[in-house]
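Reading the structure
Listed here are the chains, written in short residue letters.
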Amino acid sequence: MKKWFLHSVVLVLSLSLIVSCSTNEDDSTNTTVEIVQLESTAETGTWRVTNLVDSGQDETSDFNGFVFSFLENGTVTATNGTTIYDGTWSVASDDDDDNDVDFNIFFPVPDSNDFDDLNDDWDIVSYSDTIINLIDIDDETGDTDLLTFEKD
C-alpha cells in the first residue's frame with residue numbers, strides 16, 4: 001500500500017510540474033505571437049489619434065490632422081503636412097508582467113509639447129486591423145489615460 005501511495009504522489013507531482021511548465025511556455029508563446037501580430041498591424045498603413053484622454057481631459061483635438069506611420073525600424077513619424085515629429089515605438093513584454101504586452105511610444109519633445117502626452121508604455125486593451133486601443137493607469141495617482149489609433 002505504501003508503495004502504491006508513493007507512486008501516486010510521484011505521479012501527481014510529475015504531472016503538476018509538466019502542466020506548469022507547459023502553461024509557462026504557452027503564455028510565453030502567446031505573448032510572442034501577440035507582439036508579432038501587433039507590430040505587423042501597426043506597421044501596415046497610417047494611423048490617426050481618434051481618442052486621447054489624459055487624466056480625465058479629452059486632448060484628442062491636439063492631434064487633429066496628424067497622420068502616424070509606425071515603421072519596421074522602430075521609428076514613428078507624425079506629420080500634418082507642415083510639422084513633422086519623429087520618435088520611437090516598440091511592442092514588448094511588460095517589465096512587470098511577462099504575460100502582458102506594452103505598446104511603447106516616445107517622442108523626444110519638451111514636457112510642454114502635446115506629443116509628450118503620447119510618451120508612455122501603454123497597455124493594450126484591444127486591437128484589430130483598423131483600431132488600436134491603449135490604456136495607462138498611473139500607479140501612484142490612479143489616473144487613467146486612454147489612447148486610440150484608427151487606421152487612416
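Our structure is the block above this text.
Residue numbers restart at each chain and count upward from 1, following the sequence in its written direction. Two thresholds apply to this predicted model, a pLDDT of at least 70 for residue-level local features and 80 or more for giving and counting side-chain atom pairs, whereas whole-chain, interface and lining totals are computed over all residues. Calculation of side-chain values draws on the structure's entire complement of heavy atoms; hydrogens and water are dropped beforehand.

1. Points about the overall build of the protein chain
- The numbering of helices and of strands both runs from the N terminus, where a helix is a DSSP run of H or I of at least 4 residues and a strand a run of E of at least 2. The number of helices and strands found in the protein chain is one helix and nine strands.
- Across the protein chain, helices and strands are ordered from the amino to the carboxyl terminus as α-β-β-β-β-β-β-β-β-β.
- For the protein chain, buried positions account for 30% of its 152 residues.
- If you take every contact in the protein chain between residues at least 6 apart in sequence, the share linking residues at least 24 apart comes to 40%. Note on exposure labels: buried denotes an accessible area under 20% of the residue type's maximum, exposed denotes more than 50%, and partly exposed covers the range between, all computed with a 1.4 Å probe on protein chains only. Contacts are assigned to residue pairs with any non-hydrogen atoms lying within 4.5 Å of each other.

2. Some words on a negative patch on the surface
- Think of a patch as exposed residues, more than 30% relative accessible area, with no salt bridge, where like charges cluster within 9 Å and nonpolar side chains (Val, Leu, Ile, Met, Phe, Trp, Tyr) cluster within 5 Å. Each accessible area value is a Shrake-Rupley result obtained with a 1.4 Å probe; residue values ignore everything except the protein chains displayed when judging cover. Salt bridges are identified by distance alone: a Lys or Arg side-chain nitrogen within 4 Å of an Asp or Glu carboxyl oxygen. All tallies of charge rest on Lys and Arg as positive and Asp and Glu as negative; His and the ends of each chain are not included. To locate a charge, the coordinates of NZ of Lys, CZ of Arg, CG of Asp or CD of Glu are taken. A surface patch of negative charge is lined by Asp96, Asp121, Asp138, Asp139, Glu140 and Asp143.
- Checked against the element boundaries, Glu140 lands in the loop between β8 (131–137) and β9 (144–151).

3. Topic: the packing of aromatic side chains
- Pairing of aromatic rings covers Phe, Tyr and the six-membered ring of Trp, with a centre-to-centre limit of 6.5 Å; geometry is then stacked below 30 degrees between planes, edge-to-face above 60, and tilted otherwise. Under the defined criterion, the tally for this structure stands at 12 aromatic pairs.
- On the numbers, 5.3 Å between centres and 70° between planes, the contact of Phe70 with Trp89 is edge-to-face. Remark: Trp89 occurs in strand β5 (residues 84–93) and Phe70 occurs in strand β3 (residues 67–70); sequence separation between them is 19 residues.
- Residue class for Phe70 comes out buried when judged on its relative accessible area of 1%.
- Between Phe70 and Phe149 the ring centres are 5.3 Å apart and the planes differ by 90°, which places this aromatic pair in the edge-to-face class. Note that Phe70 is positioned in strand β3 and Phe149 in strand β9, a separation of 79 residues in sequence. Neither residue differs from the other here; Phe70 and Phe149 are each classed as buried.

4. Describing the pairing of β8
- For two strands to be treated as a pair, DSSP must find at least two bridges joining them. Where strand β7 (residues 120–127) meets β8, four bridges bridge the pair, whose relative direction is antiparallel. Each bridged residue has a counterpart across the sheet, and for Tyr127 the counterpart in β8 is Ile132.
- In this structure, the hairpin formed by β7 and β8 is closed by a connection of three residues.
- Alignment of β8 against β9, held across seven bridges, turns out to be antiparallel. Of the residues in β9, the one forming a bridge with Asn133 is Thr148.
- Here β8 folds back onto β9, and the loop between the two strands holds six residues, one of which, Gly142, carries a positive phi near 80°.

5. Section: the nonpolar core
- We call a set of buried residues a nonpolar core when its members are Ala, Val, Leu, Ile, Met, Phe, Trp, Tyr or Cys and they connect through side-chain atoms within 4.5 Å of each other. Judged by nonpolar contacts, the single largest core of 28 residues is most densely connected at Phe68, Phe103, Phe107, Phe115 and Phe149.
- What Phe68 contacts, discounting residues up to four positions off in sequence, is Gly45, Thr46, Trp47, Val49, Phe63, Val76, Thr77, Ala78, Phe107, Phe115, Leu118 and Phe149.

6. Here's the deal with the layout of surface pockets
- Cavities and pockets are defined on a 1 Å grid built over the protein atoms alone: a cavity is a set of grid points where a 1.4 Å probe fits but cannot escape, while a pocket is an open set with protein on both sides within 12 Å along at least five of seven lines, and lining residues are those with an atom within 4 Å of any such point. Grid points are joined across faces, edges and corners, and a volume is the space filled by probe spheres set on the points. There is about 280 Å³ of room inside the largest pocket.
- If you go around the largest pocket, you meet 14 residues; those closest to its centre are Asp94, Asp96, Asp121, Asp123 and Asp136.
- Residues are grouped as follows: Ala, Val, Leu, Ile, Met, Phe, Trp, Tyr, Cys and Pro are nonpolar; Asp, Glu, Lys and Arg are charged; every other residue, Gly included, is polar. Its residues assigned to classes, the lining of the largest pocket shows two nonpolar, two polar and 10 charged.

7. Digging into the pattern of salt bridges
- Under the criterion given, the structure shown has one salt bridge.
- Arg48 is the salt-bridge partner of Asp152, the closest N and O atoms lying 2.6 Å from each other. Here the residue Asp152 occupies a position in the segment after β9, and Arg48 occupies one in strand β1 (residues 47–54), the gap between them amounting to 104 residues.
- For Arg48, a relative accessible area of 31% puts it in the partly exposed group.

Distances and angles like these do not, on their own, reveal function.
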